[in-house]
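# Reading the structure
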Amino acid sequence: MQIVITYFFVILYCIPSLISISISPCAIWNTTGITIAGTGISGASPQQLSYPQGIFIHDRKKRLYVSDTFNNRIQLFPLDQSTTTGITLLSRLSHGYKIYVDDDNDDFPTIYIAMNGANRVEKWIQGATHGIQIGDQCRGCTGVWLDKEKNIYMSEHDRHRILKWSPKTNMTTMVAGETDKKGPRSDHLNEPQGIFIDTTTEALYIADLINHRIQKWLKDAKEGVTVAGSSDGDPGSDAKSLDRPYGLRVDEETKTVYVVDLLNNRIQRWRNGAIEGETIAGGNGQGNGSNQFFHPTDLAFDNQGNLYVSEGWNHRVQFFALINNRPCYESSTSTVYSSTSTMLILTWIIMTFI
Ligand SMILES: *[C@@H]1O[C@H](CO)[C@@H](O)[C@H](O)[C@H]1NC(C)=O
Ligand SMILES: *[C@@H]1O[C@H](CO)[C@@H](O)[C@H](O)[C@H]1NC(C)=O
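Residues numbered from 1 in each chain as written. Chains lettered and ligands numbered in written order. Predicted model: local features only at pLDDT ≥ 70, side-chain atom pairs only at ≥ 80, totals over all residues. Heavy atoms only, no water.

## Topic: the overall build of the protein chain
A tally of regular secondary structure across the protein chain gives 2 helices and 26 strands. Relative to its full complement of 354 residues, the protein chain shows a buried share of 53%. In the protein chain, the share of contacts with a sequence separation of at least 24, taken over all contacts with a separation of at least 6, comes to 47%. Total accessible area computed for the protein chain in this model is approximately 15,600 Å², and 53% of it derives from carbon and sulfur atoms. (Helix = DSSP H or I, 4+ residues; strand = E, 2+ residues; numbered from the N terminus. Buried < 20%, exposed > 50% of the residue type's maximum accessible area, 1.4 Å probe, protein only. Contact = heavy atoms within 4.5 Å. Areas by Shrake-Rupley, 256 points an atom, 1.4 Å probe, with all protein chains shown as cover.)

This is the structure we're talking about:
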């Protein structure tokens, strides 16, 4: 019994680092950031970055991948903040923008890069000396994401559309926007940037940069719906608006949309169905203070719900600790928003051992 109980507590202790917590749509982050990569000054030393534009977190290995755009390299940093000295994983790239890391292989995950300067998405596998082009050309490529079937989505900034390459057919098809047509119509995009696929529904979310909105295109849809920002395509700095949304993440469980609002120097949260967003980090004017941004470019969450933001002109990546994961409904006792999977496993442990 002693052993069983010890085992129980060991598992209980380990679970939080293995399983992602669910982020409540009402969660609060520390608004004071900690710099985990970059010195604030552009440079090419292992401690520095130069206009980073894409970040991706590998949770099992506790690593942060940074697309260090002007240095034409991919840098790796530990999530535990033990050092801010980066390791160069890939170099001599051609202005890599957003990245997606497929962590199927722990030792050297496959890295997909929206290679803006080379007009394509490149796939980098272990030991490669150069990237492999995925699918058709992607002119002024800005974003990349994968779905469960490993279809690869590419954001083709210059032609105002999103492409999808299928590994089954080796074909590239257009899935959002209209080729070379731009504007605020619901079937059009205007210089799309970051993209995200909700792998549970295959809905595609697009940071529609010059339309200053986030568009959601359901699978096989002919037009998008605006889920953040103003659908008429106008920029603004109020809660209903965005000004050059550059990157995004979507919580697949709650459908909350987190937006990098570049020219407003803030991170906005739009709850599912909301008509306005709320600032969860930044929003204190352009600057290099710990509560400020200067051209935020991308965001990511680790599996503990902490927020990471890359900033172009501050040449750094900031960390914002999740400090209160309070549920949206009023409650006097519970502040823990447990994930269903954690609860299921706990139930299983209790049923098995107690
Ligand atoms: C931060 O901004 C201040 C004021 O603009 C400037 O004096 C300082 O050098 C900046 N620090 C860094 C690390 O860039
Ligand atoms: C996939 O298509 C590309 C471009 O048409 C072609 O170069 C390549 O050989 C094809 N790959 C396979 C495995 O058929």
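## Digging into the packing of aromatic side chains
Following the criterion strictly, the structure yields 12 aromatic pairs and no others. When the ring of Tyr51 is compared with that of Trp313, the centres are 4.7 Å apart and the planes differ by 75°; the resulting orientation is edge-to-face. Linking Tyr51 in the loop between strand E2 (34–37) and strand E3 (52–58) with Trp313 in the loop between strand E24 (307–311) and strand E25 (316–320), this pair joins segments that are 262 residues apart in sequence. Since its relative accessible area comes to 8%, Tyr51 is described here as buried. Aromatic ring contacts, followed pair by pair, group Phe56, Tyr100, Trp145 and Phe196 into a single cluster. (Phe/Tyr/Trp six-rings, centres within 6.5 Å; stacked < 30°, edge-to-face > 60°.)

## Section: the pairing of strand E16 (residues 203–208)
Most of E16 sits out of view: 6 of its 6 residues are buried. The alternating pattern of E16 places Ala203, Tyr205 and Ala207 on one face and Leu204, Ile206 and Asp208 on the opposite face, and all of these are buried. In this structure, strand E15 (residues 192–198) lies alongside E16, joined through 5 bridges in antiparallel fashion. Bridge pairing in E16 places Ile197 opposite Leu204. Between the antiparallel neighbours E15 and E16 lie 4 residues, among them Glu202 with a positive phi of about 65°. Summarising the sheet, E16 and strand E17 (residues 213–217) pair through 5 bridges and their orientation is antiparallel. (Pairing = 2+ DSSP bridges.)

## A word on the sheet that holds strand E13 (residues 161–166)
Pairing is antiparallel across the open sheet formed by 4 strands, whose spatial order is E11-E12-E13-E14. Two strands in the sheet have a free side with no partner beyond their single neighbour: strand E11 (141–146) and strand E14 (171–177). Going from strand to strand, the sheet's axes swing by 25° on average, the running direction of each strand aside. Taken together, the 6 bridges between E13 and E14 define a ladder with antiparallel strand orientation. Paired with Ser166 across the strands is Met171, a residue of E14. (Axes fitted to C-alpha atoms, helices over the stretch in contact; angles between N-to-C directions.)

## Section: the confidence of the model for the protein chain
Looking at the protein chain as a whole, the pLDDT averages 91, with 88% of positions reaching at least 70. Every residue in residues 332–338 is under pLDDT 50, and counting partners more than four places away or in other chains gives 13 contacts. (pLDDT = per-residue confidence, 0-100.)

## Looking at the pattern of salt bridges
Taken as a whole, this structure holds 17 salt bridges when the rule is applied. A salt bridge links Arg213 to Asp208, with the nearest nitrogen and oxygen atoms 2.9 Å apart. Pair check on accessibility: Arg213 and Asp208 agree, each one buried. When the shortest N-O distance is used, the salt bridge between Arg316 and Glu311 registers 2.5 Å. By the burial criterion, Arg316 is buried, and Glu311 matches it. Beyond isolated ion pairs, a larger network of salt bridges with shared partners links Glu202, Lys219 and Asp220. (Salt bridge = Lys/Arg side-chain N within 4 Å of Asp/Glu carboxyl O.)

## Considerations on empty space enclosed by the protein
The full count for this structure, using the stated rule, is 1 cavity of 30 Å³ or more. By volume, the largest cavity amounts to about 60 Å³. Along its surface, the largest cavity is lined by Lys98, Ile99, Val144, Trp145, Gly194, Ile195, Gly247, Leu248, Arg249 and Asp298. When residues of the lining of the largest cavity are traced back to their parent elements, those giving at least two are strand E7 (96–102), E11, E15 and strand E19 (245–250). Ranked by residue count, the leading element in the lining of the largest cavity is E19, at 3 residues. Counted by class, the lining of the largest cavity contains 5 nonpolar, 2 polar and 3 charged residues. (1 Å grid on protein atoms, 1.4 Å probe; cavity = no way out; pocket = protein on both sides within 12 Å on 5 of 7 lines; lining within 4 Å. Points joined across faces, edges and corners; volume = space filled by probe spheres on them. Nonpolar A, V, L, I, M, F, W, Y, C, P; charged D, E, K, R; others polar.)

## Examining the sheet that holds E19
Consider a sheet: its strands pair through backbone hydrogen bonds, and that pairing is either parallel or antiparallel. The strand order across the open sheet formed by 4 strands is E19-E20-E21-E22, and the pairing between neighbours is antiparallel. Single-partner strands in this sheet number two, and they are E19 and strand E22 (278–282). Taken over all neighbouring pairs, the strand axes of this sheet differ in orientation by 25° on average, direction set aside.

## Section: the layout of surface pockets
The method is simple in principle: a probe with the dimensions of a water molecule rolls over the atoms, and the space it marks as empty is what remains. What the largest pocket holds in volume is close to 1,200 Å³. Around the largest pocket, the lining is made up of 35 residues, and of these Ser20, Asp59, Phe196, Glu252 and Phe301 lie nearest the centre. No other element matches E7, which puts 3 residues into the lining of the largest pocket. Split into classes, the residues belonging to the lining of the largest pocket amount to 15 nonpolar, 6 polar and 14 charged.

## With respect to the state of the cysteines
Evaluation of the coordinates by the stated rule reveals 2 disulfides. Residue Cys26 pairs covalently with Cys328 via a disulfide, S to S 2.1 Å. On the S-S bond that ties Cys26 to Cys328, the torsion sits near 110°, and the link is right-handed. With Cys26 in the loop between helix H1 (2–18) and strand E1 (28–29) and Cys328 in the loop between strand E26 (322–324) and helix H2 (340–353), this pair connects stretches of sequence that are 302 residues apart. Its relative accessible area of 7% is what places Cys26 among the buried residues. Residue Cys328 is classed as partly exposed on the basis of its relative accessible area of 39%. With a sulfur-sulfur separation of 2.2 Å, Cys138 is cross-linked through a disulfide to Cys141. The sign of the 85° torsion about the S-S bond sets the Cys138-Cys141 disulfide as right-handed. (Disulfide = S-S within 2.5 Å.)

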